[in-house]
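# Overview (structure and organization)
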Amino acid sequence: MTVALPADLRRIRDRIRAWAEEFGLDFPETFFEVLDHDALHEVAAYGGFPTRYPHWRFGMQYEQLRKTYAYGLQKIYELVINNDPCYAYLMRSNGTTDQKIVMAHVYGHADFFKNNLWFGPTHRKMIDQMANHGTRVRRYADRWGAEKVERFLDDALCLENLVDAHEPYRPGAARKGAPDGGADDLDEEERRIGEKVPRLRAGPEYMDRYLNPPEELERARRRMERDLETRRRFPAKPERDVLRFLMENAPLSSWQRDLLAIVRAEALYFAPQAMTKIMNEGWATYWHSTIMTERALSDDELLDYADAHSSTLASSPGRLNPYKLGLELWRDIADRWDRGRFGTEYSRCTDWTQRRSWDTRTGLGRAKIFEVRKAYNDVTFIDEFLTEDFVREKRLFVYGRNAEGAKVIESRDFAKVKETLLRDLTNFGNPVVEVLDANHRNRGELLLRHRWEGLDLRGDYARDTMEALHRIWRRPVHVATKVEGRGRILVFDGTRHSSEEARGEEGGEGSSVGAGDP
């Protein structure tokens, strides 16, 4: 159950907020609510929105959170919602030190939500919007049956990562849709291509072959056929936002289209959080650490703080902790700009000892991190600020698996570590899939293309996704990809899965990044 914020926590909140503002954080009004552990797990299972639509997936997540907490394997320290005003939840059983850490951490998140440009297009009244979504889903369940609606939601949620997360940042982009003109118009144009090939009037008949060479007329005819084929192709260009394409073109009833729209809207709302996981968690951790150690922490709270903070930053072999990596990168940026460890002169220095002791006392660190906070996401953040010095000091490495399946270090090379990190962060680590042809083989079948960049599709995920696509599109589904380095077309016809060879495909392997010694 929810408990009103008691007087002692209100006093702590007011002090933490004042210190956060003193350090330059800028955030919307933030409300804290106290919940017992069971209620907090329920809210967390719904992604922070207790009025969200009902679905068994949220119940499964709740059960997982409840059990891991009961067994002492996991504990929720903070839960904050990107909204205006912001809402954050505190666990009633947490001690005073934990509550201080959580509040400071929350103000860091709230500042990031408000000021990072990747959160700019997000719905700032999403609590109200989620409640509206819940009402609509419940209405459909009452009218069409809960089981039928839930089955369709299963398919929609199976496809929720097949959206173009960058679409909200292109407000001027033209909407993609069906080509102008109906099929009959194009068929008539195809019939008249021979008549429409441009010809010069030759005068005497014997001059025609000189003024209108047959080979030139043939080239013109082929150009017109290619142009017509492009206009026939639907979509005219590969469509990255598969969910929107289905919403607009699949043979669905109005309530099914609305459910796809709900799932897509929520996927786009949560996308910036996935885009900035390392930055956002690192930023909040940086500020809770700064506020606690420089302002809020009393002597008798030191051990409790150290215990909670160290658990947040805990690492294990082969696992990347976004809190730790983000915090260390923010600290590294602040330190580099405070000591002048940037620019041409520093870059040209090749002496490792001199680089470590470099300090021109520029004092620009605080201004720099606020500047970076505004414009970057995880991919650009890593690309710009992950340095060879940082990788060496933090002992980052790329790992793979040996013949027995055990994790082993493959490389500590900076370029390899950076390349692997960027690959794993691109599109949130999900494969990029786009609609290539919605009339494949001229039979209304759906052809998608997997942009292969070193990693094969996971077989069980691919099969489940294709089955969900088939239930929505209601025609066979094809996916062009690579399997073990060879081009393949995966096919699901509604009853069985198969594959066929594709041409012009290449293969390769991928790796992942870890930190510390294995």
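Basis of the calculations
- Residues numbered from 1 in each chain as written.
- Predicted model: local features only at pLDDT ≥ 70, side-chain atom pairs only at ≥ 80, totals over all residues.
- Heavy atoms only, no water.
- Helix = DSSP H or I, 4+ residues; strand = E, 2+ residues; numbered from the N terminus.
- Buried < 20%, exposed > 50% of the residue type's maximum accessible area, 1.4 Å probe, protein only.
- Contact = heavy atoms within 4.5 Å.
- Areas by Shrake-Rupley, 256 points an atom, 1.4 Å probe, with all protein chains shown as cover.
- Phe/Tyr/Trp six-rings, centres within 6.5 Å; stacked < 30°, edge-to-face > 60°.
- Expected span 1.5 Å × (residues − 1).
- Polar contact = N/O pair within 3.5 Å; in protein donor to acceptor, adjacent residues only side chain to side chain.
- Pairing = 2+ DSSP bridges.
- Axes fitted to C-alpha atoms, helices over the stretch in contact; angles between N-to-C directions.
- Salt bridge = Lys/Arg side-chain N within 4 Å of Asp/Glu carboxyl O.
- Core = buried A, V, L, I, M, F, W, Y, C linked by side-chain atoms within 4.5 Å.
- Domains from an automatic or database assignment.
- Patch = residues over 30% accessible without salt bridge, like charges linked within 9 Å, V, L, I, M, F, W, Y side chains within 5 Å.
- Lys, Arg positive; Asp, Glu negative; His and termini not counted.
- Charge placed at Lys NZ, Arg CZ, Asp CG, Glu CD.
- pLDDT = per-residue confidence, 0-100.
- Parallel < 35°, antiparallel > 145°, perpendicular 65-115°, else oblique.
- Nonpolar A, V, L, I, M, F, W, Y, C, P; charged D, E, K, R; others polar.

## A word on the overall build of the chain
Broken down by element type, the chain carries 22 helices and 12 strands. Expressed as a percentage of its 518 residues, the buried residues of the chain come to 45%. Within the chain, contacts between residues separated by at least 24 positions form 70% of all contacts whose residues are at least 6 apart in sequence. For the chain, the accessible surface area stands at approximately 27000 Å², while carbon and sulfur atoms represent 48% of it.

## Quick word on the packing of aromatic side chains
Summed over the entire model, instances satisfying the criterion amount to 28 aromatic pairs. Between W287 and F370, the aromatic rings sit 5.7 Å apart at their centres with planes inclined by 45°, giving tilted as the arrangement. Taken together, the residues W287 in helix α13 (residues 277–296) and F370 in helix α18 (residues 365–375) connect sequence positions 83 residues apart. In this structure F370 comes out as buried when scored by relative accessible area, which is 15%. With 5.2 Å between their ring centres and 80° between their planes, Y346 and W358 make a pair best called edge-to-face. Residue Y346 is located in helix α16 (residues 344–348), and its partner W358 is located in the loop between α17 (352–356) and α18; the two are separated by 12 residues in the primary sequence. The exposure class assigned to Y346 is buried, which follows from its relative accessible area of 5%. Take W358: its relative accessible area is 12%, and that puts it in the buried class.

## Structural notes on helix α21 (residues 414–425)
With 12 residues, α21 ought to run about 16 Å at 1.5 Å a step, and its terminal C-alpha atoms sit 17 Å apart, in line with that. The complete set of buried residues in α21 reads V417, K418, T420, L421, L422 and L425. For α21, the N-terminal cap is D413; the gap from its side-chain oxygen to the backbone nitrogen of A415 is 3.3 Å. Downstream of α21 by one or two residues, N427 has phi in the positive range, about 55°.

## Let's talk about the sheet that holds strand β7 (residues 433–440)
An order of β7-β8-β9-β10-β11 is seen for the five strands of this open sheet, with the pairing classed as mixed. Looking at which strands have only one partner, the edges of the open sheet turn out to be β7 and β11 (497–501). The mean inter-strand angle of the sheet, taken between neighbouring strand axes irrespective of direction, is 25°. Relative to β11, strand β10 (residues 486–492) runs antiparallel, the two being bridged by five bridges. Looking at β11, one finds that V491 is bridged to S498. The sheet strands contacting helix α11 (residues 242–249) are β7 and β8 (445–450), and the helix crosses β7 at an angle near 30°. Its contacts with the sheet place helix α22 (residues 459–473) against β7, β8, β9 (477–483), β10 and β11, and it is angled at close to 45° to β10.

## Topic: the pattern of salt bridges
Under the defined criterion, the tally for this structure stands at 36 salt bridges. D460 is the salt-bridge partner of R458, the closest N and O atoms lying 2.8 Å from each other. The partly exposed category is assigned to R458, whose relative accessible area is 49%. Judged by its relative accessible area of 30%, D460 falls in the partly exposed class.

## Quick word on the nonpolar core
W330, I369 and F381 are the most contacted members of the largest nonpolar core, which totals 58 residues. The biggest single contributor to this core is helix α4 (residues 96–115), with nine residues. When residues of this core are assigned to domains, at least three fall in each of domain 1 (7–116 + 276–296) and domain 2 (315–426). Core analysis: the next-biggest nonpolar cluster, separate from the first, contains 43 residues, L153, L268, M466 and L469 among them.

## A look at unusual backbone geometry
Of note, the bond from D84 into P85 is cis; its omega dihedral lies within 30 degrees of zero at 5°. A positive phi angle is found at R441, which is not glycine, with a value near 60°. When you line up the elements, R441 lands in the loop between β7 and β8. A residue is classified by how much of its surface remains accessible, and R441, at 39% relative accessible area, is partly exposed.

## As for a negative patch on the surface
Where like charges cluster on the molecular surface, the negative patch consists of D299, D300, D304 and D307. Mapped onto the elements of the fold, D300 is located in the loop between α13 and α14 (302–312). The exposure class of D300 is exposed, given its relative accessible area of 66%.

## Some remarks on the confidence of the model for the chain
Overall, the predicted model of the chain reaches an average pLDDT of 86, with 86% of residues at or above 70. pLDDT under 50 marks residues 173–195. Its contacts with residues more than four places away, or in other chains, come to 23 contacts. Across residues 504–514 the pLDDT falls below 50, and counting only partners more than four positions away or on other chains, this stretch makes 44 contacts in the model.

## Overview of the packing of helix α19 (residues 378–385) against α21
Their axes nearest at 9 Å, the elements α19 and α21 cross at an angle of 170°. Of the possible angle classes, the one that applies to α19 and α21 is roughly antiparallel. Taken together, the residues of α21 that come into contact with α19 (itself represented by D378, V379, I382 and D383) are K418, L421, L422 and L425. In terms of residue class, the contact of α19 with α21 is made up of five nonpolar, no polar and three charged.

## A closer look at the side chain of T387
Here T387 shows up in the loop between α19 and α20 (388–394). A relative accessible area of 18% means that T387 is categorised as buried. Here F390 takes part through its backbone nitrogen, which lies 3.1 Å from a polar atom of the side chain of T387. When near neighbours in sequence (up to four residues on either side) are disregarded, T387 contacts D332, R336 and F414.

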